[in-house]
Every structure is written in structure tokens, then in C-alpha cells.
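Tertiary structure, described
Single-letter residue listing:
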2 protein chains.
Amino acid sequence: MSSVAPPASDGAAVPGGGALSQAPAFSPLYQQIKGLILHSLQHGEWKPGEAIPSEIDLAARFRVSQGTVRKAIDELAAENLLVRRQGKGTFVATHAEQQVQYRFLRLQPDRGDVHEEGPAQRTILECRRQRASAEVARALALRTGDGVVYVRRVLAFAEVPTILEEIWLPGHAFKGLTAEQMASYQGPTYAMFELDFGVRMVRAEEKLRAVLPDAAQAEGLGVSPATPLLSVERLAYTYNDVPMELRRGLYRTDTHYYRNELN
Amino acid sequence: MSSVAPPASDGAAVPGGGALSQAPAFSPLYQQIKGLILHSLQHGEWKPGEAIPSEIDLAARFRVSQGTVRKAIDELAAENLLVRRQGKGTFVATHAEQQVQYRFLRLQPDRGDVHEEGPAQRTILECRRQRASAEVARALALRTGDGVVYVRRVLAFAEVPTILEEIWLPGHAFKGLTAEQMASYQGPTYAMFELDFGVRMVRAEEKLRAVLPDAAQAEGLGVSPATPLLSVERLAYTYNDVPMELRRGLYRTDTHYYRNELN
DNA sequence: GAGTGGTCTAGACCACGCG
DNA sequence: GCGTGGTCTAGACCACTCA
């Protein structure tokens, strides 16, 4: 069923260059294999946390050598879509059961480390459906007025309220999301999104600014309105660069800092 | 001269497992090759911007197959130490002549893009030798009281002062650095460090916080002391994770934002 | 057309996890 | 001991750059 030609049986491998090819965009075989694996991931052929077929099986299925599927998997693993475990297999990455609890949260405590601090305590302040504003619609690639789920919550570490955030989710993908669900799930929110809605966040972009909170925001975090806060606007994407979540967070940075690595 | 055994001529490749090996730390051949190439980079056998020998030459030199040096180079390229250019060769990465002017600066203008904005205008406020405080010494792996070069400067974009930063450099590696030099060099400061001092910054860690400036800082940026600013503390490393620069910057975030990508 | 990196294959063997 | 991913090799051919 795959569209990859079996080069060996043809006697000559002509990757991406058929007789009718007009656009000279050369695409190596392993990229095509990568695309096929990605397609299977998107369509749920293998679920988060499950093992995908072995390299040998995939090589047979796509009629290519093991080395070629290897290179495809290497790239998907580098993008954190797959996880290789020697001796066991290759697994679909998941936000649950991941050693690092919050993969996208860069906030670190000034003293002690993130493990002593333990998981965040969540308080849901609000959770309701609303219509997308022009701004939210643009970010999520919706039309103004489309249904979105809006959540407002506070995250506390060691009983200290540290993050106040607003979340917007496309209504069509998150039908029936309740405050209960947001509050009661043990573990990362993104793990719950995978389990209950089949939406897997793959990467995100953040824009950071220093701001002063308004009165309501200051109260939500229990700080004075003169306390500068780190504003973090996050756009999270699923497969194929489809935006699936907009978040606006205010982080306290008197007890924590935002850590970044530059390469 | 290399310490890599020629497996082919021995009839059996036993990577990392000699007769005397006691610590079972298995290290694949390509990792050893990577180490050898890294060593040559550190010791200036090939300078930033220059081409290194071809894969075939390196394979002959280290007595391994081309595929093995390929994998070593792949990793070094992924770490931004080398740059591959098909048809031309593999080059030592450099902060000069790099398409992205400032590789470590994540600040983006709110309107327009970074290219229209052009290069930063630098104003050196101070540049002198001093003794390392306990804090600076700890960051740079020096002893308290060791000589360091201290620089204070303002960066402006489109004539608007945007970044106020302090820089500490180990005195032993930056002997003779002058304010003139800091001001007059065209291009990234890190490119000047490579050319004039042979110090190449390879990666960095940043800690971000929202802060309010003191009176002097506010004046330096031409903002009110009530303007929240993004505090960015950066530790930059050369090869082998040796810290070579501490920077403390205050970024205006009313006209710019700090961009980050999460994977 | 020569030289460089990039792709693809086929096969051998090694390290790891688990029953 | 088997199956998985990981390493290493040798050789063929392709795409790109430049003289």
C-alpha cells in the first residue's frame, strides 16, 4: 500500500526522480519513509507509549534496507516523536511516563531541584466554552467567533502560587473538557490531552516579556502589583505544525527562574 | 599517531574492549573518532571558517571506514561545531560569516524582522580589569580575586537603547582586551573573540527573570524605573564545557520579545 | 570532470533487556 | 537464547560545487 518503489527489484534506485518529475525537488528515500511513519503516527496506527514495529519489520514493509528506515527513525527520535530503547524497541513518545515531568516547562526553583519540589498543585479558576477573539483565532488558525475552550488556573509549587495562566484550545478538538478533568488528572496536562482527546503536543514556541500584573493578576498570585512577572506566551503544535493550544502565563521569578540552553 | 586501533588489519574490531579494560564503559569507535576531531579543533589544527580534511582523508588517517568518521562528523555538526556543505567540504563553525548574525541573541523586534533592524549599535560604557568577586569566580571556575576583564555596554537597535549588559571574562584568556576593540569590531562580539583571542563560544545557558531596574540602570536604557525588564544571565562555554564568559543583561521588552523554541 | 558530501544497500557482529 | 537497537564495514551511485 505504500507509495515507495522497491528499488532493489527494479534493478535501479531512482529516489524521487520518476519519468514525469518536473519539480526538481529531490527527496531522499529515508525522507519518504519518515513521511510514511509520521502518517501512521498521526492516524493513530501506534498510540503514545506503544512500541512501533522493529526496524527489520519496517524495512520489509517499505521494501527498503534496515539502514534507510534507521535514518528515518533517527530523525523522528531527534524531533522527540519517537524514543529508542536499546534491546527493547522504538516507542511513540508520550508526555506521560516521561522521566522529565513537564517537558515544556522551563521554570526551575532557585534552591533545591525540580524533583524535591514535586508536582504542581493545580487550582482551576475558570473553565468554559467561549467564542474566539480575533487574536485567539489568528493564533489557533480558526475563524473569529469559532468555539474555543478557555481555562484559567494557578499552579503552585510547595504551596506557593507561582504560575497564573490562561489556556485557549480549539473547541472542535476538545469537546467536553471540564474543570473536573483539568483538576483531577494526575500528571502533566498534556498527557491528559493525549489520553482523553488524542491530541499530542509535539513542539511549541514561546515569547517572553517582563510585565507588571494588573490588580486581579497580582491577587491571583498573592503578590504586590509592583512585582515584575515573566509573561510567557506559548503556542503549542501537534503534528504537521497545526497549532492546538495558546497559553498565556505569568511566572513569579523571585523564587524561580526560566532556564534556557543555547546551542 | 592516533590511539585508535585499526580493526580491519587485526581481523576483529573490539571497540573499547582491550585485554586490560576494567571499567566496562563501552565507547563506540565513532565516539573515539569524534574525540580526536574535537581535540584537533581545540588545539587549532583547523581554524574557524576553514575546511577540515575530507571524510575519505580522515577515514584513512584514523584507519576506519568512511561511515564511521561520517557518524562522528554528524554529531559534531549537530552540536554546531562543524558545518557541512555538500560539494564543498566540512568547515569549522564560526560566529563570523554566519547567516544568522547573533546566534545566541534571542531578542526579536515586535514589528518588522531582525534583518530590517540591522546590526546593533554598541556603546561601551566601561572596560577595565578587576578582581573576581566570589560570585563571578564561581561562575567562571576561577578563584576569588583572580583577574577578570569587566565590560559594561549598551546595545541599541534603530537608535533605541534596548540592552544594557555587563560582561565578565577570565583575565588569562583575554589579556589586552580594550574598549576600542569592543567598540570598533564590525560583527558579532563572539567573532572578535575568535579572531583576536582564539576563544570560541560553543554553547551557553541562560537564566531569565523579570526585574525592575535601579535608577542607574533605568537611566542607561532611557526608561522609567517602573518599567519591568527582562534580566538574562548567560554563562557561555568553550570546548570541553569550560566556562569563558558571564553576562548579565537587561532587555527592554516593550519593543522586543525573547523568542524560544521548545522541542 | 574531479572532488566533496549525501544516499542506499547488504551483511557481520556487538550491547542490552528479558524471559 | 532470542529479539531489539547500535556499530562497523565496503562498495556503488547520486547531487552539488567549482575550475
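What you see is a predicted model; the values in this text were computed from it and never measured.

1. Looking at the UniProt feature "domain: HTH gntR-type" (unreviewed entry) in chain A
In the numbering used here, UniProt assigns the "domain: HTH gntR-type" (unreviewed entry) feature to residues 27-95 of chain A. Between the C-alpha atoms that bound residues 27-95 of chain A the distance is 31 Å, and the span itself is 51% helix and 12% strand.

2. Regarding the sheet that holds strand β9 (residues 243-251) of chain B
Read across the open sheet, the eight strands follow the order β3(A)-β10(A)-β7(B)-β8(B)-β9(B)-β6(B)-β5(B)-β4(B); overall the sheet is antiparallel. Of all strands in the sheet, those with a lone pairing partner are β3 (107-109) of chain A together with β4 (121-131) of chain B, marking the two edges. For this sheet, the mean inter-axis angle between neighbouring strands, taken without regard to orientation, is 25 degrees. Sheet analysis places β3 of chain A next to strand β10 (residues 256-262) of chain A, joined by three bridges and oriented antiparallel. Note on β10 of chain A: the bridge partner recorded for Pro 109 of chain A is His 256 of chain A. Where helix α8 (residues 189-197) of chain B meets the sheet, its contacts fall on β4, β5 (147-157), β6 (160-170), β8 (229-237) and β9 of chain B, and the angle it forms with β9 of chain B comes to roughly 160 degrees.

3. Some words on unusual backbone geometry
Backbone geometry at Ala 141 of chain A places phi at a positive 60 degrees, although glycine is not the residue there. Checked against the element boundaries, Ala 141 of chain A lands in the loop between α6 (134-140) and β5 (147-157). Ala 141 of chain A sits in the exposed class, given a relative accessible area of 57%. Positive phi outside glycine occurs at Asp 241 of chain B, with the angle close to 60 degrees. Mapped onto the secondary structure, Asp 241 of chain B falls in the loop between β8 and β9.

4. A word on the protein's contact with DNA strand C
Around DNA strand C lies a shell of 22 residues, among which Leu 29, Ser 65, Thr 68 and Lys 71 of chain A together with Arg 84 of chain B are the nearest. For DNA strand C, the backbone makes up 82% of the atoms found within 4 Å of the protein, where backbone means sugar plus phosphate. Within the backbone of Gly 87 of chain B, a nitrogen or oxygen atom sits 3.0 Å from a base nitrogen of DNA strand C. Contact distances for DNA strand C include 3.3 Å between a phosphate oxygen and a side-chain N or O atom of Thr 90 of chain B. Among the secondary structure elements, those contributing two or more residues to the surface near DNA strand C are α2 (29-42) and α4 (66-78) of chain A together with β1 (82-85) and β2 (89-92) of chain B. Residues that form the surface near DNA strand C fall into these classes: six nonpolar, nine polar and seven charged.

5. Some thoughts on the packing of helix α3 (residues 55-62) of chain A against α4 of chain A
All names here are of chain A. One way to put it is that α3 packs onto α4 with a least axis distance of 8 Å and a crossing angle of 110 degrees. By the angle class used here, α3 and α4 are roughly perpendicular. Across from Glu 55, Ile 56, Leu 58 and Ala 59 in α3, the residues of α4 making contact are Gln 66, Val 69, Arg 70 and Ile 73. Its residues placed into classes, the contact of α3 with α4 shows five nonpolar, one polar and two charged.

6. Quick look at the domain arrangement of chain A
All names here are of chain A. As assigned here, chain A comprises domain 1 (20-92) and domain 2 (98-258). Domain 1 and domain 2 are separated by 31 Å when their C-alpha centres are compared. Between domain 1 and domain 2, the contact holds six residues from the first and six residues from the second. For the pair domain 1 and domain 2, the summed buried surface comes to about 570 Å²; carbon and sulfur atoms form 60% of the total. Here domain 1 is connected to domain 2 by zero salt bridges.

7. Thoughts on the relation of the copies chain A and chain B
When chain A is fitted to chain B, the best match, at an RMSD of 0.1 Å, comes from turning it 180 degrees and sliding it 0.0 Å along the axis. Such a combination of turn and shift is consistent with a two-fold rotation axis. Residue Ala 210 of chain A of chain A places its C-alpha closer to the rotation axis than any other residue of that unit, at 2.4 Å. When the interface residues of chain A are mapped onto chain B, 100% of them again lie at the interface, so the same face is used by both copies.

8. Let's talk about the interface of chain A and chain B
Between chain A and chain B, the contact holds 30 residues from the first and 30 residues from the second. Contact between chain A and chain B buries roughly 2700 Å² in total, counting both sides, with carbon and sulfur atoms accounting for 50%. The salt bridge involving Glu 205 of chain B is made with Arg 259 of chain A; its shortest N-O contact spans 3.6 Å. If you look at where chain A meets chain B, you find 19 residue pairs in polar contact (both at pLDDT 80 or more). Listing elements by their share of the side of chain A that touches chain B, those giving two or more residues are β7 (203-211), β8 (229-237) and β10 of chain A. Ranked by residue count, the leading element in the side of chain A that touches chain B is β7 of chain A, at nine residues. Residue classes in the side of chain A that touches chain B are distributed as 14 nonpolar, five polar and 11 charged. Pairing of β10 of chain A with strand β7 (residues 203-211) of chain B involves five bridges; the strand directions are antiparallel. Looking at β7 of chain B, one finds that Leu 262 of chain A is bridged to Ala 204 of chain B.

9. A short note on the packing of aromatic side chains
For the coordinates displayed, the defined rule picks out 10 aromatic pairs over all chains. Ring centres 5.1 Å apart and planes at 45 degrees place the aromatic pair Phe 174 of chain A and Phe 197 of chain A in the tilted group. Placement of the pair is Phe 174 of chain A in the loop between β6 (160-170) and α7 (179-184) and Phe 197 of chain A in helix α8 (residues 189-197), with a sequence separation of 23 residues. When its relative accessible area of 0% is taken as the criterion, Phe 174 of chain A is described as buried. Measuring from ring centre to ring centre gives 6.0 Å for Tyr 190 of chain B and Phe 193 of chain B, while their planes differ by 55 degrees; the resulting arrangement is tilted. Remark: Phe 193 of chain B and Tyr 190 of chain B occur in helix α8; sequence separation between them is three residues, near one turn of the helix. Comparing Tyr 190 of chain B with Phe 193 of chain B, the two get one shared label, buried. The rings of Phe 104, Phe 174, Tyr 190, Phe 193 and Phe 197 of chain A are connected pair by pair, giving a single aromatic cluster. The ring of Tyr 30 of chain B carries Lys 71 of chain B above its face, with NZ or CZ at 4.9 Å from the centroid. Its end group placed over the ring of Tyr 237 of chain B, Arg 203 of chain B keeps NZ or CZ at 4.2 Å from the ring centre.

10. Quick look at the nonpolar core
Among the nonpolar cores identified, the biggest contains 64 residues, and Phe 174 and Met 201 of chain A together with Phe 174, Phe 193 and Met 201 of chain B are the most heavily contacted of them. Contacts of Met 201 of chain A, omitting those with residues within four sequence positions, involve His 95, Phe 104, Phe 174, Tyr 190, Phe 193, Ala 236, Tyr 237, Met 244 and Glu 245 of chain A. Counting residues in hydrophobic clusters, the runner-up holds 20 residues, among them Val 64, Val 69, Ala 72 and Leu 76 of chain A.

Rules behind the numbers
- Residues numbered from 1 in each chain as written.
- Chains lettered and ligands numbered in written order.
- Predicted model: local features only at pLDDT ≥ 70, side-chain atom pairs only at ≥ 80, totals over all residues.
- Heavy atoms only, no water.
- UniProt positions renumbered as here; feature names shortened; annotations may be inferred.
- Helix = DSSP H or I, 4+ residues; strand = E, 2+ residues; numbered from the N terminus.
- Pairing = 2+ DSSP bridges.
- Axes fitted to C-alpha atoms, helices over the stretch in contact; angles between N-to-C directions.
- Contact = heavy atoms within 4.5 Å.
- Buried < 20%, exposed > 50% of the residue type's maximum accessible area, 1.4 Å probe, protein only.
- Near = heavy atom within 4 Å.
- Polar contact = N/O pair within 3.5 Å; in protein donor to acceptor, adjacent residues only side chain to side chain.
- Nonpolar A, V, L, I, M, F, W, Y, C, P; charged D, E, K, R; others polar.
- Parallel < 35°, antiparallel > 145°, perpendicular 65-115°, else oblique.
- Domains from an automatic or database assignment.
- Buried area = accessible area lost by both parts, 1.4 Å probe.
- Salt bridge = Lys/Arg side-chain N within 4 Å of Asp/Glu carboxyl O.
- Least-squares fit on C-alpha atoms with pLDDT ≥ 70 in both.
- Phe/Tyr/Trp six-rings, centres within 6.5 Å; stacked < 30°, edge-to-face > 60°.
- Lys NZ or Arg CZ within 6 Å of the ring centre and 35° of its normal.
- Core = buried A, V, L, I, M, F, W, Y, C linked by side-chain atoms within 4.5 Å.

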